[in-house]
Amino acid sequence: MGFFDWLFGKKKDPYGPRRDPYQQQPKAYGGPVPPPTAQQASAIGLRNIFLSWRRRRSKGPVPAQPDQTIRGGLNPQTGAWVDPGAISSIGGTRQHPDPYYDSAKVRAAGLPDLPHIDAMAEVLRVDRRTLVWLAAKPVPGDSLDSHYTLKEMPKSSGGTRLLMVPLPKLKAVQRALVEKLVNKLPIHEAAHGFRKGRDVLSGASEHVGKDVVICADIRDFFPSFTFRRVSGYFRSLGYGRGTAVALANLTTGRLMDARVQMNGRWQYAAKLKHPETHARYHPELPQGAPTSPGIANAICRRMDKRLTGLARKFGADYTRYADDLTFSGGDDLAFHASKFLGLVRQIVQTEGLTLNDKKTRIMRQGRQQRVTGVVVNDKTNVSRRDYDRLKAILHNCVKRGPHGENRDNHPDFRGWLQGKIAHVSHIGPERGRKLMALFKQIRW
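Check the secondary structure of the chain and you find 19 helices and 12 strands. Burial analysis of the chain (444 residues in total) assigns 44% to the buried set. Of the contacts formed within the chain by residues at least 6 apart in sequence, a portion of 65% connects residues at least 24 apart. Accessible surface, the chain as shown: approximately 25,800 Å² in total, 52% of it carbon and sulfur.

Structure (structure tokens):
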């Protein structure tokens, strides 16, 4: 073995050294192997000859199973025929259920029974034509059969964030999906975002009073879960091919297919001169859909499990709030922080995600430790800077009146102040009481 092979590690073929099936064999095995005849090649398939590892894995090739074709859909608004796209040639009907559906696996997980598209329509309380129309990919044209509107929201760090907001019909179906299916998907205990009874405070409370707190951020969290990942995840749960594709089409979308208002007219976002509309051309979990957070949490279950096991090796705790990964521990984690981050990055990459190195932070006891905006040095509390800013606004409202203090032009300035005070009271009750006392002195 050479020096560089020893230093970097020589990669090995997982299937062993490749061997020509026609090479010379020892005499004990009867001499050289003659090439197969035309009849033998057509019988066994030339593709299987060179894949010896496939022959070891399976006794024989899997026979092809034809898909059950389903009918297309009509636009319930215009009555025009809509090409159902990918789900027109896969799936099933009541007479011919999906042959790939695993009912035992689905029922064992406590998920709804969806052997075909008609059963999905019944569960979602919508007729079949509307379901196929919503699940069909829009075809660019004058009809503008898009189910999303595109909105730009400013980021606190600068730039804009593109949100895909579903239209009322699709949003109603997605909310039914959340109730009947998404809320029943298995999620790891380390996930604290978008879950009932958990929030930023519950996730931050796990890291109070630790020697070191490490925070990492996943880059492009929701866009990383594309149509393929979502449909493959539903296939892994036991749903058939047609059902998985329909569920993925209902919960994913492309930025360029969303509608946006330009010059007083609705047009496809592909005409919008935004770098992300053309860079992100795969269907993805849209930011703004009610189904996206639950599905993302469910797909991240294996990653959460692996990161929890890694944290335990270093005597640390792990929580995740959406795309924010937080680890906290004692001396062992503090001493091996760089090595630990390298292992975290490797696990995240093998799960198809990428860390944002610019937002990675290692916070020790000598400085302020913040987890999802909550200070966790000694107890959970809001930062002094945020508290002083809100206190100054309330003080000016008491002294000069509230009309000149709404500098960000909030439509409901009073409700905005009450929401801010409620957030502070939830995290730090003592500071919340002081702010509420100032709020009650304002003359509205």
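Looking now at the environment of D357. Secondary-structure assignment places D357 in the loop between α16 (337-350) and β10 (361-364). Take D357: its relative accessible area is 46%, and that puts it in the partly exposed class.

Grouped together as the largest cluster of nonpolar side chains are 75 residues, with contacts concentrated most on F234, L250 and L325. With residues near it in sequence (within four places) discarded, L250 still touches M120, L124, L131, L134, A135, Y148, L170, V173, Q174 and L177. Counting residues in each nonpolar core, the second largest holds 24 residues, with C215, V382, L390 and L435 among its members.

Further remarks concern α16. Residue pairs three or four apart in sequence face the same way in an α-helix, which turns once every 3.6 residues. Taking 1.5 Å as the rise per residue, α16 with 14 residues should run 20 Å; its terminal C-alpha atoms sit 20 Å apart, in good agreement. Along α16, the residues classified as buried are A337, F340, L341, V344, I347 and V348. Down the axis of α16, the sector holding all buried residues measures 120°, keeping them to one side. Projecting away from the buried face of α16 at angles above 90 degrees are the exposed residues S338 and K339. The elements touched by buried residues of α16 are β5 (212-217), α14 (301-313), β9 (324-329), α15 (331-335) and β10.

On to the packing of aromatic side chains. Under the criterion given, the structure shown has 12 aromatic pairs. An aromatic cluster of at least three residues, connected via ring pairs, comprises F194, F221, F222, F225 and Y321. The side chain of R431 reaches across the aromatic face of Y387, ending 4.9 Å from its centre.

Moving on, we get to unusual backbone geometry. Phi angles above zero are rare outside glycine, and F194 is one such case at about 60°. Here F194 is to be found in the loop between α8 (168-180) and α9 (200-204). Residue classification places F194 among the partly exposed residues on the basis of a relative accessible area of 46%.

Another point: the sheet that holds β9. Overall, antiparallel pairing links the four strands, which are arranged β8-β9-β5-β10 in an open sheet. What marks the edges here is a single partner per strand, and that holds for β8 (317-321) and β10. If you compare each strand with its neighbour and ignore which way they point, the axes differ by 15° on average. By the bridge criterion, four bridges tie β5 to β10 in an arrangement that is antiparallel. Looking at β10, one finds that V213 is bridged to M363.

As a further point, take the confidence of the model for the chain. Per-residue confidence for the chain gives a mean pLDDT of 80, with 75% of residues at or over 70. Within the model, the stretch residues 10-31 combines pLDDT values under 50 with 19 contacts to residues more than four positions away or in other chains. Throughout residues 65-71 the model reports pLDDT below 50, and contacts reaching past four residues in sequence, or to other chains, amount to 23 contacts.

Next up on the list: the packing of helix α18 (residues 413-427) against helix α19 (residues 429-439). A pair of packed helices is captured by two measures, namely the crossing angle of their axes and the spacing between those axes. Close contact between α18 and α19 brings their axes to 6 Å; oriented N to C, the two are set at 155°. The angle between the axes of α18 and α19 places the two elements in the roughly antiparallel class. When the axes of α18 and α19 are compared, the crossing they make is left-handed. Contacts between α18 and α19 involve R414, L417, Q418, I421, V424, S425 and I427 from the former and P429, R431, G432, R433, L435, M436 and F439 from the latter. Within the contact of α18 with α19, the residues separate by chemical class into eight nonpolar, three polar and three charged.

Let us now look at the packing of α14 against α16. Interaxial distance between α14 and α16 falls to 10 Å at its minimum, and their mutual angle equals 165°. In terms of axis orientation, α14 runs roughly antiparallel to α16. The crossing of α14 and α16 is right-handed. For the pair α14 and α16, contact is made by M303, R306, L307, L310 and A311 and by F340, L343, V344, I347, V348 and T350, respectively. Split into classes, the residues belonging to the contact of α14 with α16 amount to nine nonpolar, one polar and one charged.

Cut-offs applied
Residues numbered from 1 in each chain as written. Predicted model: local features only at pLDDT ≥ 70, side-chain atom pairs only at ≥ 80, totals over all residues. Heavy atoms only, no water. Helix = DSSP H or I, 4+ residues; strand = E, 2+ residues; numbered from the N terminus. Buried < 20%, exposed > 50% of the residue type's maximum accessible area, 1.4 Å probe, protein only. Contact = heavy atoms within 4.5 Å. Areas by Shrake-Rupley, 256 points an atom, 1.4 Å probe, with all protein chains shown as cover. Core = buried A, V, L, I, M, F, W, Y, C linked by side-chain atoms within 4.5 Å. Expected span 1.5 Å × (residues − 1). Arc of directions from axis to C-beta. Phe/Tyr/Trp six-rings, centres within 6.5 Å; stacked < 30°, edge-to-face > 60°. Lys NZ or Arg CZ within 6 Å of the ring centre and 35° of its normal. Pairing = 2+ DSSP bridges. Axes fitted to C-alpha atoms, helices over the stretch in contact; angles between N-to-C directions. pLDDT = per-residue confidence, 0-100. Parallel < 35°, antiparallel > 145°, perpendicular 65-115°, else oblique. Left-handed = near helix turned anticlockwise from the far one by under 90°. Nonpolar A, V, L, I, M, F, W, Y, C, P; charged D, E, K, R; others polar.

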